[in-house]
Amino acid sequence: MNWDDTGPDTDQRLVDSGPDGEDQAVDAALRPKDLDEFVGQEKVREQLDLVLKAARARGATADHVLLSGAPGLGKTTLSMIIAAEMNAPIRITSGPAIQHAGDLAAILSSLQEGEVLFLDEIHRMSRPAEEMLYMAMEDFRVDVIVGKGPGATAIPLELPPFTLVGATTRAGLLPPPLRDRFGFTGHMEFYEPADLERVIHRSARLLDLEIDVQGAAEIAGRSRGTPRIANRLLRRVRDYAQVKADGVINRDIAAAALKVYEVDARGLDRLDRAVLGALLKLFGGGPVGLSTLAVAVGEERETVEEVAEPFLVREGLLARTPRGRVATPAAWAHLGLVPPRQGNGGSGQPGLFGT
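Keep in mind the model is a prediction, meaning the values are calculated, not measured.

### With respect to the overall build of the chain
No. 1: Check the secondary structure of the chain and you find 14 helices and eleven strands.
No. 2: For the chain, buried positions account for 48% of its 355 residues.
No. 3: As presented, the chain carries roughly 16,400 Å² of accessible surface, and 51% of it is formed by carbon and sulfur atoms.

### Brief notes about the side chain of R325
No. 1: If you trace the backbone, R325 turns up in strand β11 (residues 324–327).
No. 2: Side chain to side chain, R325 and E309 meet in a polar contact 2.8 Å long.

### Observations concerning the confidence of the model for the chain
No. 1: Looking at the chain, the pLDDT average stands at 83 and 85% of residues meet or exceed 70.
No. 2: Per-element confidence in the chain is highest for strand β1 (residues 65–68), whose mean pLDDT is 93, and lowest for helix α1 (residues 21–30), whose mean pLDDT is 63.
No. 3: In this model residues 1–11 is a low-confidence stretch, pLDDT under 50, and it forms 41 contacts with partners more than four residues away in sequence or in other chains.

### Digging into unusual backbone geometry
For residues other than glycine, phi is negative in most cases, and the peptide bonds are mostly trans.
No. 1: Of note, the phi angle at R224 is positive, near 60 degrees, even though the residue is not glycine.
No. 2: The phi angle at E262 is positive, at roughly 60 degrees, despite the residue not being glycine.
No. 3: Exposure remark for E262: the relative accessible area of 41% places this residue in the partly exposed category.

### Description of the environment of L111
No. 1: Residue position: L111 is located in the loop between α4 (101–109) and β3 (116–120).
No. 2: For L111, a relative accessible area of 7% gives the class buried.
No. 3: Among residues more than four places away in sequence, those in contact with L111 are R91, L117, P160 and F162.

### Details of the pairing of strand β7 (residues 184–187)
No. 1: Burial along β7 is one-sided: F184 and G186 are buried, and none of T185 and H187, which face the opposite way, are.
No. 2: Note: β1 against β7, four bridges, orientation parallel. Bridge pairing in β7 links V65 to F184.

### Regarding the sheet that holds β1
No. 1: Across the sheet, which stays open at both edges, the five strands sit in the order β2-β3-β6-β1-β7 with parallel pairing between neighbours. Each having just a single partner strand, β2 (90–94) and β7 make up the two edges of the open sheet. Along the sheet, successive strands turn relative to each other by an average axial angle of 15 degrees, direction set aside.
No. 2: By the bridge criterion, four bridges tie β3 to strand β6 (residues 163–168) in an arrangement that is parallel. Across the sheet, the residue bridging to F118 is V165, located in β6.
No. 3: Along the sheet, helix α3 (residues 75–85) contacts β1, β2, β3 and β6; its crossing angle with β3, the most-contacted strand, is approximately 175 degrees.

### Examining the nonpolar core
No. 1: Among the nonpolar cores identified, the biggest contains 47 residues, and L78, I200, I211, I219, L234, V237 and I249 are the most heavily contacted of them.
No. 2: The dominant element in this core, judged by the number of residues it contributes, is helix α9 (residues 227–244), at seven residues.
No. 3: Look past the residues within four positions of I249 in its chain and what remains in contact with it is E210, I211, D212, G215, I219, L234, V237, R238, A241 and A254.
No. 4: L104, L133, Y134 and F182 belong to the second largest nonpolar core, which has 24 residues in total.

### Regarding the packing of α9 against helix α10 (residues 251–260)
No. 1: Two elements in contact, α9 and α10, have axes whose closest approach is 9 Å; the angle formed by their N-to-C orientations is 105 degrees. With respect to each other, α9 and α10 are oriented roughly perpendicular. Along the contact surface, α9 presents L233, V237, Y240 and A241, while α10 presents I253, A254, A256, A257, L258 and V260.
No. 2: Looking at side-chain class alone, the contact of α9 with α10 contains ten nonpolar, no polar and no charged residues.

### Description of the packing of helix α8 (residues 213–221) against α10
No. 1: Running from amino to carboxyl end, α8 crosses α10 at an angle of 30 degrees, the nearest separation of the two axes being 7 Å. Looking at the two axes, α8 sits roughly parallel to α10. Contacts between α8 and α10 involve Q214, G215, E218 and I219 from the former and R251, A254, A255 and L258 from the latter.
No. 2: For the contact of α8 with α10, a count of residues per class yields four nonpolar, two polar and two charged.

Parameters at a glance
Residues numbered from 1 in each chain as written. Predicted model: local features only at pLDDT ≥ 70, side-chain atom pairs only at ≥ 80, totals over all residues. Heavy atoms only, no water. Helix = DSSP H or I, 4+ residues; strand = E, 2+ residues; numbered from the N terminus. Buried < 20%, exposed > 50% of the residue type's maximum accessible area, 1.4 Å probe, protein only. Areas by Shrake-Rupley, 256 points an atom, 1.4 Å probe, with all protein chains shown as cover. Polar contact = N/O pair within 3.5 Å; in protein donor to acceptor, adjacent residues only side chain to side chain. pLDDT = per-residue confidence, 0-100. Contact = heavy atoms within 4.5 Å. Pairing = 2+ DSSP bridges. Axes fitted to C-alpha atoms, helices over the stretch in contact; angles between N-to-C directions. Core = buried A, V, L, I, M, F, W, Y, C linked by side-chain atoms within 4.5 Å. Parallel < 35°, antiparallel > 145°, perpendicular 65-115°, else oblique. Nonpolar A, V, L, I, M, F, W, Y, C, P; charged D, E, K, R; others polar.

Listed below in structure tokens is the structure:
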């Protein structure tokens, strides 16, 4: 349920917010079917509800919708809800799959009237296809080029009215002409623990699991504000409870299970703690260069920068500075370490945070 896909392979991380094979298999059963069932994202849900109800009252297709936000927050789920609320079929594709204008023309020309086209990672679509999409969204028409060179001819092709739902994890990469053609734009925020607890209780009911309030709170607190991670952790705790206990999930069982899977109380996993540990123990809290830090933890530079750092920065445990990476006082406290008097690894200069 409910940063760039070209980044390093993180499939083995339990707290990775991207989907894996098991997620895709289970998601169909756990996805909400309408806006009333959808948990969290109250502002986006309320605004989208008005857009869809108004379109139904007019007997028209809904405006094009752009959803942005980190992976795992419910963008795909909302696209399916839009189709269900409009009683329309949905076509699902992605930006990387559309490398030529002809690829997009083939999809658009086969759409039915009122159909919802979900375009995931829309910022990764090729430029020629992107330019074709402008006209399709605004005028419901595309020009198909037949022939090459001076003899090439543009044949206009009329399209039935449709609703495009674009999803992106990098909204800043979308060109303004494309963003401006969306009638509604919603930004998906990370979830609060209380909303994640509701997600977990709902998923537990659908999976026929018994979980108490404290158990759900323990899982929610380690889920990085992401429903997809919450559901994944729930399944791993379920496995532990079935093998090591009586199948009932409480706080102690959840904590013991996630200790086995090396996910700590703040949602940090082995890689996160390795990065923080090296920064604190080897370099006195920094500043230290990214490449040096990556060598210290035995990982690629891209892995540290794209996989570990975003969450550590968001949690206020690490800061990126012009001089290098610097640990915050919260990082020292989280690992139970005492910061040195100078926070620069002994160079004699005060650290960024004065530690």
